Each structure stands twice: as C-alpha cells, then as structure tokens.
Amino acid sequence: MSVRFSDLAIDDEILMLRRVHVYACSSRELEPESEHGAELGKMLFHLYRQGVRSELALMQMLTAGEAPPAPEAG
C-alpha cells in the first residue's frame, strides 16, 4: 500500500487541528472530550472551513488573543 501526498497533507492538517483544540481547551481549563470542549472543537472546525488555516491565527481566535505557546523545535 502506497501513501499518497494528499494523505500526508490531510494527516498534517488533522494533527494541527488537534494541537489547536488541545491548546484552546487547556487555556480554558476544559477537557477536550467534555461538552464545552466539543463546542470549542465545532468553533475550530467552522473557522477552518471558513478558510482560517494558520495554526497561530486559530489559537488566537479560540483563546481571545491569548499568546499561544512557542512552537516546539523538532
């Protein structure tokens, strides 16, 4: 089974959205799987579907402008 580039790109986007969701939930002291965490996830997905693709911009929008963590080197 070969891996297509489009599959890798989708995986990267999903990982980015997961990072943003976990960060936004953490900043609000919410469990990602809680009802409020799910609502935050819906907001994130809506923003993404509206064209917001920047991890930093998504973090800022979901945390009312709080500074996101510095990207990890790696």
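Everything in this summary refers to the structure shown in the same document. Just so it is clear, the model here is predicted, and its values are computed rather than measured.

For the chain, the count of helices and strands is three helices and zero strands. The helix and strand sequence of the chain, counted from the amino end, reads α-α-α. Burial analysis of the chain (74 residues in total) assigns 24% to the buried set. Within the chain, contacts between residues separated by at least 24 positions form 48% of all contacts whose residues are at least 6 apart in sequence. A total of about 5,600 Å² of accessible surface is found on the chain, and carbon and sulfur atoms cover 57% of it.

Take the packing of helix H1 (residues 5-27) against helix H2 (residues 35-49) next. Two numbers describe a pair of packed helices, the interaxial angle and the distance between the axes. Contact geometry for H1 and H2: axes closest at 10 Å, N-to-C directions at 135°. Of the possible angle classes, the one that applies to H1 and H2 is oblique. The crossing of H1 and H2 is right-handed. The segment H1 lies against H2, with Glu 13, Met 16, Leu 17, Val 20, His 21, Ala 24 and Cys 25 engaging Gly 37, Leu 40, Gly 41, Leu 44 and Tyr 48. Its residues assigned to classes, the contact of H1 with H2 comprises eight nonpolar, three polar and one charged.

It is worth spelling out the environment of Leu 56 at this point. Here Leu 56 shows up in helix H3 (residues 55-62). As a C-alpha pair, Leu 56 and Val 20 span 36 residues in sequence and 8.4 Å in three-dimensional space.

What follows deals with the packing of H1 against H3. Relative to each other, H1 and H3 sit at 25°, their axes nearing to 10 Å. Comparing the axis directions of H1 and H3 gives the class roughly parallel. Between H1 and H3 lies a crossing of right-handed hand. Residue-level contacts link Met 16, Leu 17, Arg 19, Val 20, Tyr 23 and Ala 24 of H1 to Glu 55, Leu 58, Met 59 and Leu 62 of H3. Looking at side-chain class alone, the contact of H1 with H3 contains eight nonpolar, no polar and two charged residues.

Counting 14 residues, the largest nonpolar core has Met 16, Leu 17, Val 20, Leu 44, Leu 58 and Leu 62 as the members making the most contacts within it. Of all elements in the fold, only H1, H2 and H3 reach the threshold of two or more residues within this core. Of the residues forming this core, the biggest block, six residues, is contributed by H1. What Leu 17 contacts, discounting residues up to four positions off in sequence, is Leu 44, Tyr 48 and Leu 58.

Conventions adopted
Residues numbered from 1 in each chain as written. Predicted model: local features only at pLDDT ≥ 70, side-chain atom pairs only at ≥ 80, totals over all residues. Heavy atoms only, no water. Helix = DSSP H or I, 4+ residues; strand = E, 2+ residues; numbered from the N terminus. Buried < 20%, exposed > 50% of the residue type's maximum accessible area, 1.4 Å probe, protein only. Contact = heavy atoms within 4.5 Å. Areas by Shrake-Rupley, 256 points an atom, 1.4 Å probe, with all protein chains shown as cover. Axes fitted to C-alpha atoms, helices over the stretch in contact; angles between N-to-C directions. Parallel < 35°, antiparallel > 145°, perpendicular 65-115°, else oblique. Left-handed = near helix turned anticlockwise from the far one by under 90°. Nonpolar A, V, L, I, M, F, W, Y, C, P; charged D, E, K, R; others polar. Core = buried A, V, L, I, M, F, W, Y, C linked by side-chain atoms within 4.5 Å.

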